Each structure stands twice: as C-alpha cells, then as structure tokens.
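# Observations on chain architecture
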Amino acid sequence: SLESKQDALIVPNAAVFEERDGKTGRLDFYVYKKTGDKKAKKIKTELGLRNDSQAELLNAAAAGLAEGDTLLLDLDEKDLKIEDDAPAAQIVPDAPTAPAAPTEL
C-alpha cells in the first residue's frame, strides 16, 4: 500500500485531472469535490506518490479535502455538467489491500 504522509489522502487515479498552465507550461493537478446536487468544486492539489491505480494528495486538509468527501471521476470538464449517475469515488482511509509498490512521478 502507499505509505501515507501526514495530511495526505489516497485517491483513485481517475479522480485526478491534469491541466497544463498556459503561461509556465507546468502541469497542475486538480480534483473535483462534489459539493451538492450536480455541483462540484475544482480544487488544485499537489501529488505525492502515485502508482497505476492510486495517487497521494499532499496537503489535503489545507486544500479543503478530507476522508469521506466525494470526488468526481471522468468529469466532462468543459461545462462541469454532473449527471445523477456520474462516476464518483468517496475518499476512504488507505486500505490494507492497496496495490503494488508506488512509482515516483
């Protein structure tokens, strides 16, 4: 399982969206936290370790994320449309049955 750092949360890779900054060319990472009926908030996050199925979000609490939050997966980012059956994942404590060793980004 991913060794969790303090104030880090483990989420599925599908919950992490990448966006290249037009000015700096830097790759930024975001998650979309469900905040209500068909609403979500885009939250910039720092990634720690990542393997082929999970990613570690660093400084999660400072970004307003906590265990039990629902993150959207495979979102149509253009219009932030959230369908009732939109795929989503709840942030849960790191499961002991997590997959193989992580790889550094």
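As a starting point, this report considers the structure included with it.

Turning our attention to the overall build of the protein. A count of helices and strands for the protein gives zero helices and seven strands. Helices (α) and strands (β) of the protein occur, in sequence order from the N terminus, as β-β-β-β-β-β-β. The proportion of buried residues among the 105 residues of the protein is 36%. The contacts of the protein with a sequence gap of at least 6 include a subset with a gap of at least 24, amounting to 57%.

Quick look at the nonpolar core now. Among the nonpolar cores identified, the biggest contains 14 residues, and Val11, Val16, Val31, Leu47, Leu57, Leu65 and Leu71 are the most heavily contacted of them. Within the residue set of this core, elements represented by two or more residues are strand S1 (9-12), strand S3 (27-36), strand S4 (39-50) and strand S5 (54-58).

Looking now at the side chain of Asn13. Looking at the secondary structure, you find Asn13 in the loop between S1 and strand S2 (17-20). A polar contact of 2.8 Å, which involves the side chain of Asn13, links it to the side chain of Arg50.

Our next topic: the packing of aromatic side chains. Scanning the model with the defined rule gives one aromatic pair in all. Plain terms: the ring middles of Phe17 and Tyr32 are 5.1 Å apart, the flat faces sit at 85 degrees to each other, and that makes the pair edge-to-face. Linking Phe17 in strand S2 with Tyr32 in strand S3, this pair joins segments that are 15 residues apart in sequence. The exposure classification of Phe17 matches that of Tyr32, with both residues buried. Cation over ring: Lys42 sits above Tyr30, and NZ or CZ is 4.4 Å from the ring centre.

Calculation rules
Residues numbered from 1 in each chain as written. Predicted model: local features only at pLDDT ≥ 70, side-chain atom pairs only at ≥ 80, totals over all residues. Heavy atoms only, no water. Helix = DSSP H or I, 4+ residues; strand = E, 2+ residues; numbered from the N terminus. Buried < 20%, exposed > 50% of the residue type's maximum accessible area, 1.4 Å probe, protein only. Contact = heavy atoms within 4.5 Å. Core = buried A, V, L, I, M, F, W, Y, C linked by side-chain atoms within 4.5 Å. Polar contact = N/O pair within 3.5 Å; in protein donor to acceptor, adjacent residues only side chain to side chain. Phe/Tyr/Trp six-rings, centres within 6.5 Å; stacked < 30°, edge-to-face > 60°. Lys NZ or Arg CZ within 6 Å of the ring centre and 35° of its normal.

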